[in-house]
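Here is how the chains run, residue by residue.
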Amino acid sequence: MAKIKNINFNNFRNFKKFKTSFDNKLNILFGDNGSGKTNILEAISLVAKGRGIRNSILSNLIKNNEENFYIKKNLEIKKNFFDVEIFTEKKNEKLRKVIKVNNNLKKDSIDYLNQSVSFLTFTPEMERLFQSSPVSRRNFIDRLIFSGRNNYNKLINRYKKILVERITILQKDNYDIYWLNQIEKDISITGLEIYKLRNDQLKLLNRNIKKLNNAKNFVFNIDLYIKDNFYYSELNVDKYINCLVDSRYYDKINGVTKLGPHRSDIKAKINSEFDASLLSTGQQKTLVLLILLSQCFFLINDKNLTPILLFDEIASHLDSFNRQLLLDLINGFDIQFFLTGTDKDLFSFVSTNAEFYNISNI
Ligand SMILES: Nc1ncnc2c1ncn2[C@@H]1O[C@H](COP(=O)(O)OP(=O)(O)OP(=O)(O)O)[C@@H](O)[C@H]1O
Ligand SMILES: [Mg+2]
């Protein structure tokens with residue numbers, strides 16, 4: 001089991017100093033708007049890989065008018081304890097993030113953390129996930145893949161980088177055709193890998209959601225799928241390359257890559273009839289919670305990972321059904337939870353032994 005035992009930080013977001021320990025499985029942070037609840041979740045979510053719950057750039061994490069931030073936390077992973085320090089450092093005017101595990105910079109320990117700690121997050125924006133833009137749905141699925149596969153962000157970053165590289169080459173007057181061919185091959189291999197991983201992820205979620213449905217008699221069946229004008233199941237590297245070659249002129253003129261997984265949308269069909277965007281806001285929240293619950297099953301049972309759940313502003317608009325879902329999550333798994341809300345009373349339905357933290361008083 002992976003657990004954050006305690007945390008302290010300086011000059012992080014709105015906090016000059018913050019320090020607390022987490023002894024319970026269920027931790028509830030409550031406080032006024034702007035008191036710093038999401039910021040604390042963000043500090044918790046920064047372990048090694050990724051950019052945290054807000055996917056924010058480093059400079060925004062530093063408290064206004066300060067030079068650097070410093071976070072230290074103690075993590076328990078499978079009964080071993082790790083002191084993790086994350087801080088910024090400025091060298092030649094360039095800001096960089098430094099990670100130390102047990103007071104050293106060894107890559108092995110950082111890799112071990114990356115493999116052993118994963119987060120599942122719910123953010124308030126997710127309530128409108130199926131009504132918002134395709135990019136937020138892609139990011140949502142990508143985060144789920146990332147939670148079970150710690151190299152996935154490297155694949156995505158690499159893909160984005162080579163897309164830019166290809167456009168730069170195309171827009172030059174004289175370009176090296178050999179180099180362009182190589183890049184397009186690389187894009188095809190990487191792009192296909194992303195399509196495959198997303199497809200696998202969605203299939204897995206569909207399977208697990210079905211299992212949950214059978215157990216709970218939910219009112220709707222859910223089928224998550226990729227909507228993409230280019231992708232089809234027989235797509236291979238050669239066909240992919242040919243399409244990229246065909247779209248060179250278009251891509252050069254428009255400065256974009258017309259096809260690939262960065263253009264996909266992730267849709268959900270309800271009861272084989274209608275799109276999830278037609279569900280009510282509350283029903284969409286149920287859908288997102290179900291997806292997270294399914295992912296939790298997968299990480300624990302198939303990946304032998306115990307994710308840490310960060311659910312920001314989870315308590316608003318929870319009807320009894322969604323409350324039950326949340327309680328199922330909390331009671332069903334021996335994992336650490338962090339929930340936030342503006343009022344302590346919003347969590348009165350949580351009967352489990354929970355620790356409450358009043359952030360307004362800090
Ligand atoms: N780099 C920074 N330096 C100083 N303050 C910051 C920085 N980044 C964010 N803040 C401030 O931190 C405060 C707390 O933000 P946070 O999002 O954590 O609040 P919250 O408790 O989650 O509020 P809500 O209930 O509205 O979600 C905000 O007032 C925000 O402006
Ligand atoms: Mg918040």
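Residues numbered from 1 in each chain as written. Chains lettered and ligands numbered in written order. Predicted model: local features only at pLDDT ≥ 70, side-chain atom pairs only at ≥ 80, totals over all residues. Heavy atoms only, no water.

*Asks:* In this structure, what is going on with unusual backbone geometry? I would like to understand it.
*Replies:* What you tend to see is this: most non-glycine residues have negative phi, and most peptide bonds are trans. Even without a glycine there, the phi angle at Asn11 is positive, about 50 degrees. You can see Asn11 is positioned in strand 1 (residues 2-12). One non-glycine residue with positive phi stands out, namely Asn65, at about 65 degrees. (Helix = DSSP H or I, 4+ residues; strand = E, 2+ residues; numbered from the N terminus.)

*Asks:* What exactly am I supposed to notice about the site of ligand 1 here?
*Replies:* As a structural note, the neighbourhood of ligand 1 is formed by 16 residues, with Gly34, Gly36, Lys37, Thr38 and Arg54 the closest of them. Arg13 places a polar main-chain atom, nitrogen or oxygen, 3.2 Å from a nitrogen atom of ligand 1. Calculation on ligand 1 without its partners gives an accessible area of 660 Å², and the protein chains cover 71% of this total. Among the elements that line the shell around ligand 1, the one with the most residues is helix 1 (residues 37-45), at 3 residues. Partitioned by chemical class, the residues of the shell around ligand 1 number 1 nonpolar, 9 polar and 6 charged. (Near = heavy atom within 4 Å. Polar contact = N/O pair within 3.5 Å; in protein donor to acceptor, adjacent residues only side chain to side chain. Areas by Shrake-Rupley, 256 points an atom, 1.4 Å probe, with all protein chains shown as cover. Nonpolar A, V, L, I, M, F, W, Y, C, P; charged D, E, K, R; others polar.)

*Asks:* Mind showing me how you'd approach the domain arrangement of the protein chain here?
*Replies:* Often the size quoted for an interface is simply the accessible area lost on bringing the parts together. Domain annotation of the protein chain identifies domain 1 (1-118 + 307-362) and domain 2 (127-304). Here the C-alpha centroids of domain 1 and domain 2 sit 27 Å apart. Each partner contributes to the interface: domain 1 provides 24 residues, whereas domain 2 provides 20 residues. For the pair domain 1 and domain 2, the summed buried area comes to about 1,800 Å², and 68% of that belongs to carbon and sulfur atoms. Looking at the side of domain 1 facing domain 2, the largest losses of area belong to Lys49, Leu325 and Phe333, adding up to 28% of the total buried there. One can count 0 salt bridges joining domain 1 with domain 2. Along the contact surface separating domain 1 from domain 2 lie 6 residue pairs in polar contact (both at pLDDT 80 or more). Elements with a contribution of two residues or more to the side of domain 1 that touches domain 2: helix 3 (107-116), strand 11 (308-311) and helix 10 (320-332). No other element matches helix 10, which puts 5 residues into the side of domain 1 that touches domain 2. Here the side of domain 1 that touches domain 2 is composed, by residue class, of 11 nonpolar, 9 polar and 4 charged. (Domains from an automatic or database assignment. Contact = heavy atoms within 4.5 Å. Buried area = accessible area lost by both parts, 1.4 Å probe. Salt bridge = Lys/Arg side-chain N within 4 Å of Asp/Glu carboxyl O.)

*Asks:* Help me understand the sheet that holds strand 7 (residues 119-122) in this model?
*Replies:* Strands in a sheet are paired, the pairing made by backbone hydrogen bonds, and the direction either parallel or antiparallel. The sheet built from 5 strands is open, its strands ordered 7-11-12-3-13 with parallel pairing. Here the strands that pair on one side only, and so sit at the sheet edges, are strand 7 and strand 13 (354-358). Strand-to-strand twist in this sheet, taken as the mean axis angle between neighbours without regard to direction, amounts to 15 degrees. Sheet analysis places strand 11 next to strand 12 (residues 337-341), joined by 3 bridges and oriented parallel. Bridge pairing links Leu310 to Phe338 in strand 12. (Pairing = 2+ DSSP bridges. Axes fitted to C-alpha atoms, helices over the stretch in contact; angles between N-to-C directions.)

*Asks:* Is there a simple way to explain the pairing of strand 6 (residues 94-101) in this structure?
*Replies:* Regular strands place side chains that alternate from one sheet face to the opposite one. For strand 5 (residues 80-91) and strand 6, the ladder comprises 8 bridges, and the chain directions are antiparallel. When the sheet's bridge partners are listed, Thr88 is paired in strand 6 with Lys97. Hairpin connection between strand 5 and strand 6: a loop of 2 residues separates the two successive antiparallel strands, and Asn92 in this loop has a positive phi of roughly 45 degrees.

*Asks:* I'm lost on the packing of aromatic side chains in this one. Help?
*Replies:* Ring pairs (aromatic) are described by centroid distance and by the angle formed between their planes. Taken as a whole and assessed by the stated rule, the structure comprises 14 aromatic pairs. With centroids separated by 5.6 Å and ring planes inclined at 35 degrees, the aromatic side chains of Phe82 and Tyr112 adopt a geometry described as tilted. Placement of the pair is Phe82 in strand 5 and Tyr112 in helix 3, with a sequence separation of 30 residues. Between the NZ or CZ atom of Lys258 and the centre of the ring of Tyr250, over which it lies, the distance is 4.7 Å. Over the face of the ring belonging to Phe356 we find Lys344, whose NZ or CZ atom lies 5.0 Å from the ring centre. (Phe/Tyr/Trp six-rings, centres within 6.5 Å; stacked < 30°, edge-to-face > 60°. Lys NZ or Arg CZ within 6 Å of the ring centre and 35° of its normal.)

*Asks:* What is the right way to look at empty space enclosed by the protein in this model?
*Replies:* If a probe as big as a water molecule is rolled over the atoms, it shows which places are left empty. For the coordinates displayed, the defined rule picks out 1 cavity of 30 Å³ or more. Of the pockets and cavities examined, the largest cavity occupies roughly 30 Å³. Lining the largest cavity are Asn206, Ile209, Lys210, Asn213, Asn221 and Ile222. Here the lining of the largest cavity gets 4 residues from one element, more than from any other, and that element is helix 6 (residues 177-216). By residue class, the composition of the lining of the largest cavity is 2 nonpolar, 3 polar and 1 charged. (1 Å grid on protein atoms, 1.4 Å probe; cavity = no way out; pocket = protein on both sides within 12 Å on 5 of 7 lines; lining within 4 Å. Points joined across faces, edges and corners; volume = space filled by probe spheres on them.)

*Asks:* Looking at this structure, how should I read the environment of Gln324?
*Replies:* Its location among the elements puts Gln324 in helix 10. In this structure the C-alpha to C-alpha distance between Gln324 and Phe349, which are 25 residues apart in sequence, comes to 9.4 Å.

*Asks:* What am I meant to see in the sheet that holds strand 9 (residues 265-270) here?
*Replies:* If you walk across this open sheet you meet the 3 strands as 8-9-10, and the pairing is antiparallel. The sheet terminates laterally at strand 8 (222-227) and strand 10 (274-275), the two strands that pair on one side only.

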